[in-house]
Structures are given as structure tokens and as C-alpha cells.
Amino acid sequence: MMEVANRLHSVEEYYFSKKLKEVNSLILQGKPIINLGIGSPDLQPPGKVISAITESFKDGRAHKYQSYQGIPELREAIAGFYKTHFQVDVNATTEVLPLMGSKEGIMHISMAFLNEGDAVLIPNPGYPTYTSVTKLLQAEPIFYNLDTENNWCPNIEELEKQDLSKVKIMWLNYPHMPTGAKATKAVFESLITFAKKHDILLVNDNPYSFILNKEPLSILSIEGAKDVCLELNSLSKTFNMAGWRVGMLLGNNELLNAVLKVKSNMDSGMFYGIQQGAIEALNSSKMWFVSLNNIYEKRRKLVWELATKLNCSFDENATGLFVWAKLPAALNSEAFIDKLLKEHNLFITPGTIFGSQGEGYVRFSLCATVKELEEAITRV
């Protein structure tokens, strides 16, 4: 049998890929599973977005290879979006790179800047892909712990105590997933100073800014950020377009060109119709965000009620598409969610998949209808 590459021995199949096989098997057995584990928006994109992609089929350009950098109109829309919502000025020609989802950006950035043996600072808890991509490229993950005492933000004093000599990239993710914590300008300022001191590339992964958050913040709004920072963003959560795979990377031209060298060897451009739909989404009025968050506010109140019934505690000031909840003392996260799945046909996410700092926590998704959430409350 053909042997796989050694790099595959450094990673495992993605947790949700494995766990959802189990969940789907239970569904096929007739179990009435309510899935509060996945952050896949169940709501529709704006109507004009659907119209734009439909209309694009009539355009002769739709069926040709597209630019690796996206059509100019999309880059202009991204730049306009950042100016309107983050008060950030970026050059649409040189400082914006559309992506097929921000997840591919994590790989492209890592491939552009990491050599074997380099080190990467990764949040614990944090998005598992940061770790898996680092390992696939045979770089070393160095985890920095986040906790409630520091509002799930990095502790610069603790970071300074580590051996940073091989660190090339530091991953940030604010608003934070899974906890929903927000970074402040002061936090970003201190991180930029830290990155400049140690010649580290800061990458803020920022797809949750507009979900239940009245104060969107980009790290690029901080003076001097473009010298050492890139920012990823996505249309997946903000516009219910997860399956469309539209993301973006913003930062200075030199850094983006390095990423483009990787990307241009990996794909042949984003489908024209998807780009047209993305433009319409990015030009949505602020009423879109108001109506979207009205729905999520109702759902979150029900999830809070569900978490309370399960004797969990949570931060009502947290933002984003999830509720991060602390279990009663001495309960194990994975054992808790397995019991909930077995006894109540209810699936939520154990905090441990996000790192060791997630033990004792669980994560509830808001991607379920009011009816489903009310049923979940009834079951427990």
C-alpha cells in the first residue's frame, strides 16, 4: 500500500469531520438530533446577492478564468467595506487580496512565511486550523494561554518569557472564537509593539466582527499596524455565505505579494458570479446587520436559558456566533457533551478541541432556529 507523506502523521482528521459522522449516523438511526455544535449559518444571504450571482450567468466573462487577485470591482468593494465599517484606508489595488474563504488564507500565509523548524505563536484556546497548518508545514506550534483573568487576551509579560528566537508568525483571532472575547485598541497596540520588537508577523483572523458586536474593530486601524500585520476576514458569518467561500486578506503590498506567490500556484481565480455576489453583500446597508443581529439576539437568549439549565455559567458581554460556557466544577468537557448527545439527542462542542485551556468549557452555536432551541431547552 502506498505510504502517505510524513507530514500527515503530524495531524489528525478534523474533529468535526469525525464527530459529525457519529452524529449523522444517529440521525440515520432515527434519532432527533439537534446540532448546536457547528457555526454554519442557517440563514439566507441578502436577496440581492442571490440575484447578482444569477444575473452573472448571462455575462460572457463568467465562464473564463479569473484574475488571481479578483476583479477590480471586488477589491474596491472590500476596500470600501473596510473604510465604512472599520475606518481603515486600504489601497484596493495593492493592499487587498480576495480569497476562496479565509481558511485557505491560513495555509497560504503559512506557506509564504514559514520554513521547516520555524515557530508559530498560537492561541490556547483557539481555532484548531492554526495548529494543523503549522504542523503540516513542519513548523513548531508554541501555544500561548488565554484565560478569563485577562479577558481571553494575550499576556505580553508571559509571552516575553518564552524563547521567541524562531517565531515567525503569531495568530490572533478577535473577536475571539470560541470565547467571544473582544480585543481593545490598547491590546492591539501592545501586540504591535511586541511584534515589531521581535520581528513577528501578526495575523488577526477577524470573521466575527459583525455578529452581536456594536463596535467592530480591525487591527489595521491601529497606527503602525501595516508594518507587521495582516488581517483575514470573511463573508461566511457576516452575510450567511459560508458555502460560497469568499474571504479576504488585507495588509501592505510586500506582505500580500508574498502570499499571492503561493495562491497563484494553487488556484485559477474565484468564479466570476461569486465575486459579483460578494460585491453586493459588501455594499449592504447597515440595516442588514441590524436585522441579522435581531435574530441572533433572540437565539442567544434561548441558548443562555439552555446553558443555565445545564448549570453552566457564561459572559453576557461576549460577542460572536457562539456562547462559550463554563461547566460546573470537576466536569469533563468531552464526557459532558457525549452524555448530552446520548441522553438528550443534543450535540454541542467540547471546549477541549480548541486546546487544553478549553477543558471545563463547552461551546453552543447560535445556528439553530428558535423552535429547535426551545425544543433543546425542553429536553434538558
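From a predicted model like this one, the values you see are computed outputs, not experimental measurements.

Parameters and conventions
Residues numbered from 1 in each chain as written. Predicted model: local features only at pLDDT ≥ 70, side-chain atom pairs only at ≥ 80, totals over all residues. Heavy atoms only, no water. Helix = DSSP H or I, 4+ residues; strand = E, 2+ residues; numbered from the N terminus. Rg over C-alpha atoms; globule rule 2.2 N^0.38 Å. Buried < 20%, exposed > 50% of the residue type's maximum accessible area, 1.4 Å probe, protein only. Contact = heavy atoms within 4.5 Å. Areas by Shrake-Rupley, 256 points an atom, 1.4 Å probe, with all protein chains shown as cover. Lys, Arg positive; Asp, Glu negative; His and termini not counted. Charge placed at Lys NZ, Arg CZ, Asp CG, Glu CD. Phe/Tyr/Trp six-rings, centres within 6.5 Å; stacked < 30°, edge-to-face > 60°. Lys NZ or Arg CZ within 6 Å of the ring centre and 35° of its normal. Pairing = 2+ DSSP bridges. Axes fitted to C-alpha atoms, helices over the stretch in contact; angles between N-to-C directions. Core = buried A, V, L, I, M, F, W, Y, C linked by side-chain atoms within 4.5 Å. Salt bridge = Lys/Arg side-chain N within 4 Å of Asp/Glu carboxyl O. Polar contact = N/O pair within 3.5 Å; in protein donor to acceptor, adjacent residues only side chain to side chain.

1. Quick look at the overall build of the protein chain
Phase 1 of the analysis: Each helix and strand in the protein chain was counted, giving 13 helices and 13 strands.
Phase 2 of the analysis: The C-alpha radius of gyration computed for the protein chain amounts to 21 Å, which stays within 12% of the reference 21 Å derived for 380 residues, consistent with globular compactness.
Phase 3 of the analysis: The principal-axis extent of the C-alpha atoms belonging to the protein chain is close to 55 × 55 × 55 Å.
Phase 4 of the analysis: A buried classification covers 55% of the 380 residues belonging to the protein chain.
Phase 5 of the analysis: The contacts of the protein chain with a sequence gap of at least 6 include a subset with a gap of at least 24, amounting to 75%.
Phase 6 of the analysis: Carbon and sulfur atoms make up 50% of the accessible area of the protein chain, which totals about 17300 Å².
Phase 7 of the analysis: In the protein chain, which carries 38 positive and 42 negative side-chain charges, the distance between the mean positions of the two groups comes to 5 Å.

2. Digging into unusual backbone geometry
Phase 1 of the analysis: Residue Pro 125 follows Asn 124 across a cis peptide bond; omega there is 5°.
Phase 2 of the analysis: Among the secondary structure elements, Pro 125 is positioned in the loop between strand S3 (119-124) and helix H5 (128-136).
Phase 3 of the analysis: In this structure, Pro 178 follows Met 177 across a cis peptide bond, with omega equal to 25°.
Phase 4 of the analysis: Examined against the element boundaries, Pro 178 turns out to sit in the loop between strand S5 (167-172) and helix H7 (185-198).
Phase 5 of the analysis: The backbone of Gln 138 sits at a positive phi, close to 60°, despite the residue not being glycine.

3. Points about the packing of aromatic side chains
Phase 1 of the analysis: According to the stated counting rule, one finds 19 aromatic pairs in the structure shown.
Phase 2 of the analysis: Each residue in the set Phe 81, Tyr 82, Phe 86, Phe 210, Phe 239, Trp 288 and Phe 289 is aromatic and connected to the rest through ring pairs, giving one cluster.
Phase 3 of the analysis: Over the ring of Phe 322 we find Arg 363, and its NZ or CZ is 3.7 Å from the ring centre.

4. What about the sheet that holds strand S6 (residues 201-205)?
Phase 1 of the analysis: Spatial ordering of the open sheet is given by S2-S8-S7-S6-S5-S3-S4, a layout of 7 strands whose pairing is mixed. Unpaired on one side and paired on the other, strand S2 (96-99) and strand S4 (140-145) mark the two borders of the sheet. When the angles between neighbouring strand axes are averaged without regard to direction, this sheet yields 20°.
Phase 2 of the analysis: Sheet topology note: the S3/S4 ladder contains 6 bridges and is parallel. What sits directly across from Val 120, in S4, is Pro 141.
Phase 3 of the analysis: The sheet strands contacting helix H3 (residues 72-86) are S2, strand S7 (229-234) and strand S8 (247-251), and the helix crosses S2 at an angle near 110°.

5. Thoughts on the pairing of S2
In summary, the side chains of a regular strand alternate between the two faces of the sheet.
Phase 1 of the analysis: Because side chains alternate across S2, one face comprises the buried residues Val 96 and Pro 98, and the other comprises Leu 97 and Leu 99, equally buried.
Phase 2 of the analysis: Of the strand pairs in this sheet, S2 and S8 are connected by 4 bridges, and their pairing is antiparallel. Looking across to S8, one finds that Leu 97 is bridged to Leu 249.

6. Topic: the pairing of S8
Phase 1 of the analysis: S8 sits mainly inside the fold: 5 of its 5 residues count as buried.
Phase 2 of the analysis: On S8, burial covers both faces: Gly 247, Leu 249 and Gly 251 on one face and Met 248 and Leu 250 on the other are all buried.

7. Examining the nonpolar core
It is characteristic of soluble globular proteins that their nonpolar side chains tend to be buried jointly.
Phase 1 of the analysis: Counting residues in hydrophobic clusters, the biggest one holds 128 residues, and the most contacted among them are Ile 109, Leu 121, Met 170, Trp 171 and Phe 364.
Phase 2 of the analysis: It is helix H11 (residues 286-309) that provides the largest number of residues to this core, a total of 9 residues.

8. Re the pattern of salt bridges
Phase 1 of the analysis: Counting across every chain of the model gives 13 salt bridges.
Phase 2 of the analysis: The partner of Asp 42 in a salt bridge is Arg 299, with the nearest N and O atoms 2.8 Å apart. Of this pair, Asp 42 sits in the loop between strand S1 (34-35) and helix H2 (47-56) while Arg 299 sits in helix H11, and the two are 257 residues apart along the sequence.
Phase 3 of the analysis: Note on Asp 42: relative accessible area 34%, which makes it partly exposed.
Phase 4 of the analysis: Taking the shortest distance from any N to any O, the salt bridge between Lys 161 and Glu 158 comes out at 3.1 Å.
Phase 5 of the analysis: It is possible to trace a salt-bridge network through shared partners that takes in Glu 104, Lys 263 and Asp 267.

9. Some thoughts on the environment of Ala 278
Phase 1 of the analysis: Locating Ala 278 in the fold gives a position in helix H10 (residues 272-282).
Phase 2 of the analysis: Residue classification places Ala 278 among the buried residues on the basis of a relative accessible area of 0%.
Phase 3 of the analysis: C-alpha of Ala 278 to C-alpha of Ile 53: the two residues are 225 residues apart in sequence and 8.9 Å apart in space.
Phase 4 of the analysis: Beyond its immediate sequence surroundings of up to four residues, Ala 278 is in contact with Leu 74, Leu 235, Met 241 and Val 246.

10. Let's talk about the environment of Lys 196
Phase 1 of the analysis: Within the secondary structure layout, Lys 196 lies in helix H7.
Phase 2 of the analysis: With sequence-adjacent residues up to four places away left out, Lys 196 is seen in contact with Gly 224, Asp 227 and Val 228.
Phase 3 of the analysis: Polar side-chain contacts of Lys 196 include one of 3.4 Å to the side chain of Asp 227.

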